[in-house]
Every structure is written in structure tokens, then in C-alpha cells.
Amino acid sequence: KVAPDSAGSMQRPVAEVMTPQPSVIHETDHVVDALSEIAVSGHRHVPILDVDNHVVGIVSPQRINAFLQDHFQQIGRP
């Protein structure tokens, strides 16, 4: 929503360009839950919330892929 008019977008309120009710995951959720939420919602980036519902990060397919690659290297699988 912002990229086509990046100069004009800098003057607009965030509420005009953000997703009103974004899909979220919690930091206690499993990686498969995050991947599922991304697949079901169709969003490329999903906020991660702590137990108090504060944003503590963002998850993306690229970050999940990096996590899985690192995990499988640690356990000795290609």
C-alpha cells in the first residue's frame, strides 16, 4: 500500500496503510503454527506477540526457512 506513493505515504497516518486486524502468532507458538498462519492468512510478515500481547518481532517465510536450515544443521541432517 505504501510503495506506489512512498513520498506521499510518509505524511499519512499508519492506520491508513496498515492491515486493520493482522494475523498474529505468540512467542510461545511452534514454528509450524507460524508457517500455518502465514499460509492461511496470505501475509508475508506476521507479528509475534509476547504473553502481554506486545509486539516482540516479525516472522516471515524467509526467517522460518533460515530457522529450519539452522535447526537441521544442528541436528546433523542435510
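Our subject is the structure that appears above.
On a predicted model such as this, the values are computed, not experimentally measured, just so you know.

Student: Before we move on, could you go through the overall build of the protein chain and cite the residues and values that matter?
Tutor: Of regular secondary structure, the protein chain possesses four helices and three strands. The linear arrangement of helices and strands in the protein chain, starting from the amino end, is α-α-β-α-β-β-α. Split into buried and exposed, the 78 residues of the protein chain put 18% on the buried side. A separation of at least 24 residues holds for 25% of the contacts in the protein chain among residues at least 6 apart in sequence. Entry remark: accessible area of the protein chain is about 6,100 Å², with carbon and sulfur atoms responsible for 56%.

Student: Talk me through the sheet that holds strand 3 (residues 55-59); I want residue IDs and the actual numbers.
Tutor: Reading across from one edge, 1-2-3 is the order of the three strands in this open sheet, with mixed pairing throughout. Strands at the two margins of the open sheet, each flanked by one partner only, are strand 1 (25-26) and strand 3. Where strand 1 meets strand 2 (residues 46-49), two bridges bridge the pair, whose relative direction is parallel. Across the sheet, isoleucine 25 pairs through a bridge with isoleucine 48, a residue of strand 2.

Student: Residues and numbers for the side chain of aspartate 50, please.
Tutor: By the element assignment, aspartate 50 lies in the loop between strand 2 and strand 3. For the buried aspartate 50, no salt bridge exists, and the shortest N-O distance to an oppositely charged side chain is 15 Å, to arginine 63. Of note is the side chain of aspartate 50, whose polar atom sits 2.9 Å from the backbone nitrogen of aspartate 52. Polar contacts involving the side chain of aspartate 50 include one to the main-chain amide nitrogen of histidine 54, which spans 2.8 Å. Dropping the residues within four chain positions of it, aspartate 50 is found in contact with His26, Glu27 and Val56.

Student: Residue-level account of the nonpolar core, with values.
Tutor: Grouped together as the largest cluster of nonpolar side chains are seven residues: Ile25, Ala34, Ile38, Val46, Ile48, Val59 and Ile64. Of all the secondary-structure elements, those providing two or more residues to this core are helix 3 (31-41) and strand 2. Not counting residues up to four positions away in its chain, the partners in contact with alanine 34 are Ile25, Val59 and Ile64.

Reading the values: rules and limits
Residues numbered from 1 in each chain as written. Predicted model: local features only at pLDDT ≥ 70, side-chain atom pairs only at ≥ 80, totals over all residues. Heavy atoms only, no water. Helix = DSSP H or I, 4+ residues; strand = E, 2+ residues; numbered from the N terminus. Buried < 20%, exposed > 50% of the residue type's maximum accessible area, 1.4 Å probe, protein only. Contact = heavy atoms within 4.5 Å. Areas by Shrake-Rupley, 256 points an atom, 1.4 Å probe, with all protein chains shown as cover. Pairing = 2+ DSSP bridges. Lys, Arg positive; Asp, Glu negative; His and termini not counted. Salt bridge = Lys/Arg side-chain N within 4 Å of Asp/Glu carboxyl O. Polar contact = N/O pair within 3.5 Å; in protein donor to acceptor, adjacent residues only side chain to side chain. Core = buried A, V, L, I, M, F, W, Y, C linked by side-chain atoms within 4.5 Å.

Purely spatial values, then, with no claim about function.
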